[in-house]
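For reference, the chains in residue letters:
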Amino acid sequence: MKIPIDVIPERAGHLGVVEIPACDQRTLPGVVSQRACVLYGARWMLAPVRNVIHLIHGPVGCAYYSETVRKKRYRVFSTALDEKDIVFGAGQKLETAIRESLSLRPGSSAVLVYTTCAAGLIGEDVPAICKRVSAALGLPVVPVNCPGFCGVSQGDGHDAAAAALLEHFIGRGPAGPPLENSVNILGEFDVQGDLKEIEQLLQRLGLNLICAVSGRATVENMARAHRARLNIVHCGRTGRWLARKMEERFGIPWRKVSFFGLAEAAAALQAIAAFFNRPREAAWVEKEAEAARQRALPYLRRLAGRRVALFFGASRMGSMARAFGELGMEVVLCGSQFGCREDYAESRRCLGQGTLMIDDAHQRELEEFLHRYRPDLLVGGTREKFMAHKIGIPFLVFPQETSPYAGFNGFVNLAREVAALVGAPVWRLMIPANLVEPPARREGPAGGDSAAVKTVGDGKGGNEDGTNL
Amino acid sequence: MQLKEIPITGIPYDQIKIEKVPATPEYCERPADLIPSTNRAVVVNPNRTCMPLGAMWAVLGIRKAVPFVQGAQGCTTYVRYTFCRIFREPATIATASFHEDAAVFGGRRNLVEGIRNLVVRYWPELIGVVTTCSSEIIGDDMVSFIKMARANLRKEIGPEKADQIPIVLVNTPSFAGSHVDGYDRASRAFVETLATAKGEPNGKVNIIPGLLYPGDIREIKHLLRHMGIEATVLFDISDTLDAPLKPPTSVPYYPPGGTTVEEIKDMANSLATFALQPHAGQAGARYLERKYGVRAVVGQPPVGVQGTDAFLKALRDITGKPVPDSLLQERGRLIDSLADTFHHTMMKKVAIMGDPDIVLGVTRFVLEMGMEPVALAGGTASKTFVHDVEAILAEAGYEGEPPLIINGGDLFEFEEYLKKQPRLDLIIGNSRAVDISRELQVPLVRVGFPIYDRFGYQKRAIVGYRGGEVLLAEIVNSILGHQYPDDRTQQL
């Protein structure tokens, strides 16, 4: 099947309407990439780890930006490398900085040292320094190997972070028999209270949460994590690897589930209940799901048949596609910045053929997609938001900014907010109908009427005259 | 939040001492020798970011220009994220996407292919190549890479089209200076690359605003319009980063406005160049002065009465045009507001943080309100900052306790110093002081870069007389909202 938007030849394999797009590859230079660097990925994963000093070994900018993760601010320490350090090395400075940050914040139980492009390029032996300081101070000083260029996307940063957690924190406590009815959640970041929703559901099954990596991760609870009976993997990209390793090392089985959407959340709870051999205690699940569906019904009426485009970080594509399906919306695009084959395969399974999938879409491709398809909603991160608005398309930020979307209550929140966004008056007011002659409306059938939108410079020999319509 | 005690009738303000208990329960005393940032290697909550951001900011102020960042993806993503959050606008910034191979073999392939990809996808009118710490450490020979990229472009799209797109290189090694210096370097790089003397003066003035918001630039244009002066604003983000929503647009999206390449070329023929923020823009102004004899006027930003007066006076002296009545009316309104609210602002203790020029401008203004600065923290280390602050204090005849001046230190030092102060009424600074304001239970008036936790600050002005009124109102209202219980507010 033909790809419905224009791309540079090198990018053709990354889009597909039938097959799974090529993925996990380097970004093309020169495009406005929506991806981020490895340090970003590591911070995404490790920032919520509490009671630990986060020390960025790099120029001041890396520390400045690393303070904000998922719109929350965290205190960050940094070596703020300057010219002198680049030329003469910064090993001593790093060592001093570790000691100083501990005296500024006594009582911290570990130090995480993040490396950056600059630190990687000047060739500091950060692991050796950390090891030495750790021995001298008697507490873990953990190097996180995440120079920005050291991978294709932030996904590699998630892996580096997971490796650091596994090597230095998880299961460090005394060995013991598995704690009854206890679970860990891997790949859950507690965005706007998601974790609380999930925990409530698990408590109704009689289960206790030991630790959530990394939405609720402290040095203490990660040290006990090896005594869980089951690992629940929520975000596949950040959790799956860790789950496999914990299975190898501690023999903890794992289940990949999703708590987004009614069917998914119900299936997740039933699978977990089945694992703990208590299917009867899960009897309420169906009832709860049905009750939530009833509560969401008024919103679903307003959403039926609307078209939604999804562009995420990675692995929530499939489960969110299903959740939007339950809202009665048609998913017209499913894309991600750094999804892996498993993620795309899962999404393809639940979407079927014919839906466009894009890997590592850059801004230009998304823009063109929005013009040709004109979906009723784009779901993605802050960087895509304002472009969508300029084109006149409502936008939902996910991971969300307002209320939890996980669990049954979360689904009602999602329905309510999506209905409000799609029906927002601003999109009606956008065209000053009473003041000027309204321009010809483009109705947006899938497949695109390329005549309606003027594309500038597609492929090699384009027309550089970018006048408005 | 708890309301403070009502000031008791008959006791002057400076005798009221309010016990400050830090809000965080796990607060502990820090070792005193580690508090000044000069005494330690570790930086906690830096008050500045790295150079490339300033250069990207600058490039986004050029009409249909795209910054191309020679570095890893994060250098672009973090900045785009920052701009998106501040301006609520799309920020089109291309990345060279450094991966391991670039770190080993250098970034030539990334630049040559990247420029080509950028051109065929965006057809920009200008490309600003911004370097980062990675490319500077690797030692990329950017000048020859750009030549190669140009040669490759001529092959692919033909020489006429290829030569129409200027490529401006801004060297911004992230391990030196700050975002303010990045903007400064961009101002020089652009005039150095593009400006050409024609021999005859064009009668205009050049304005290099520095890291001011779209609202500020619109206010500067308003002042110039009333003075009847034609001007070129270099890096004019007033439309590019505050664009109206008016679909349908063409693909790719470019915001309206921005300084054109022609205007930058013509900057060599102007009467004078005003660098409104000496730390961000002075380099460009000085270059034009040295090379083309265009007079450089470098002063503090036109914030408050004296700041705006100085700006208008310099404009009048250079162009010979008088300050019109309409602006004197605006001045009069600001003076009236200052007089009417003085009893609220006088003797209030204030701490100011941000980029050095903003701190200087605002300090001058708060002294006009009779406030007493407690601590002044400029995020970017500067040779002139301490001297400038002292000059401003002397000018105002300030006789109170001399404030702590932090020249390039971090926010940890600022915060720890403020915690020790017996009284503090107000913090003026950017969004990065929010945590400090919450911890100390002191209101924050948001000014400067970056403001991402509130809406609208990028659209309004703090410069000029009208901007002064806006800022004054916000300061007064913050003080009132914080210090008086509701029943008293009715009687003010």
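One numbering rule holds for all chains: residues counted from 1, following each sequence as written. As a convention, the first chain written is A and the first ligand written is 1, with the rest following in written order. Where totals are concerned, whole chains, interfaces and linings use all residues; where local detail is concerned, this predicted model gives features only for residues with pLDDT of at least 70, and gives and counts side-chain atom pairs only at 80 or more. Excluded from the side-chain calculations are hydrogens and water; all other atoms, namely the structure's heavy atoms, are used.

**What about empty space enclosed by the protein?**
Empty space among the atoms can be located by rolling a probe the size of a water molecule over them. Convention followed: A cavity, in this analysis, means grid points on a 1 Å lattice covering only the protein atoms where a 1.4 Å probe fits yet has no way out; a pocket is instead an open set bounded by protein on both sides within 12 Å along at least five of seven lines, and a residue lines either one if it has an atom within 4 Å of a point. Grid points are joined across faces, edges and corners, and a volume is the space filled by probe spheres set on the points. The helix and strand labels rest on DSSP assignments: H or I over at least four residues marks a helix, E over at least two residues marks a strand, and numbering proceeds from the N terminus. Residue classes follow a fixed rule: Ala, Val, Leu, Ile, Met, Phe, Trp, Tyr, Cys and Pro count as nonpolar, while Asp, Glu, Lys and Arg count as charged, and any other residue, Gly among them, counts as polar.
On inspection of all chains with the given rule, the structure shows six cavities of 30 Å³ or more. Lining the largest cavity are 20 residues, and of these Cys-62 of chain A together with Cys-50, Gly-74, Cys-75 and Cys-133 of chain B sit closest to its centre. Only helix 2 (60-66) of chain A together with helix 1 (51-59) and helix 2 (73-87) of chain B provide two or more residues apiece to the lining of the largest cavity. Counted by class, the lining of the largest cavity contains 14 nonpolar, six polar and no charged residues. Lining the second largest cavity are 14 residues, and of these Leu-60, Ala-65, Thr-240, Tyr-254 and Pro-255 of chain B lie nearest its centre.

**Details of the environment of Val-152 of chain A**
Condition: Remark: exposure states derive from per-residue accessible area (1.4 Å probe, protein chains only) relative to the maximum for the residue type, with buried under 20%, exposed over 50%, and partly exposed in between. Residues are treated as being in contact if the distance between any of their heavy atoms lies within 4.5 Å.
Inspection of the secondary structure assignment puts Val-152 of chain A in the loop between strand 7 (141-144) and helix 7 (154-168). Taking relative accessible area as the criterion, Val-152 of chain A reaches 15% and is therefore assigned buried. Sequence separation between Val-152 of chain A and Cys-37 of chain A is 115 residues; the distance between their C-alpha atoms is 7.8 Å. With residues near it in sequence (within four places) discarded, Val-152 of chain A still touches Asp-24, Gln-25, Arg-26, Thr-27 and Arg-35 of chain A together with Gln-73 and His-99 of chain B.

**Concerning the domain arrangement of chain B**
All names here are of chain B. Heads up, the rule is: Domain start and stop points were drawn from an automatic or database domain assignment. Accessible area that two parts lose when put together, evaluated with a 1.4 Å probe and summed over both, is termed the buried area. The term salt bridge refers to a pairing of a side-chain nitrogen on Lys or Arg with a carboxyl oxygen on Asp or Glu at a separation within 4 Å. Any pair of nitrogen or oxygen atoms within 3.5 Å is treated as a polar contact; in protein, a donor-acceptor pairing is required on top of that, and neighbouring residues in sequence qualify only through side-chain atoms on both sides.
Partitioning chain B into domains gives domain 1 (15-38 + 327-489), domain 2 (51-194) and domain 3 (205-324). Distance between the C-alpha centres of domain 1 and domain 2: 36 Å. In this complex, domain 1 contributes nine residues to the contact, which on the side of domain 2 involves eleven residues. Around 920 Å² of area is buried between domain 1 and domain 2 when both sides are counted, 64% of it from carbon and sulfur atoms. The largest share of the area that domain 1 buries against domain 2 comes from Phe-449, Tyr-452 and Gln-458, three residues that together contribute 55% of it. If you look at where domain 1 meets domain 2, you find zero salt bridges. For the interface between domain 1 and domain 2, the tally reads three residue pairs in polar contact (both at pLDDT 80 or more). Its residues assigned to classes, the side of domain 1 that touches domain 2 shows five nonpolar, two polar and two charged.

**Overview of the pattern of salt bridges**
Inspection of the entire model under this criterion finds 57 salt bridges over all chains. Where Arg-293 of chain A meets Glu-290 of chain A, a salt bridge forms, and the shortest distance between an N and an O atom there is 3.3 Å. With a gap of three residues between them, Arg-293 of chain A and Glu-290 of chain A both fall in helix 12 (residues 283-303), about one helical turn apart. A relative accessible area of 36% means that Glu-290 of chain A is categorised as partly exposed. Here Asp-242 of chain B ties to Lys-459 of chain B by a salt bridge, and the two come within 2.7 Å at their closest N and O atoms. Taken together, the positions of Asp-242 of chain B in the loop between helix 10 (237-240) and helix 11 (261-265) and Lys-459 of chain B in the loop between strand 14 (444-446) and helix 19 (464-483) put the pair 217 residues apart, joining distant regions of the chain.

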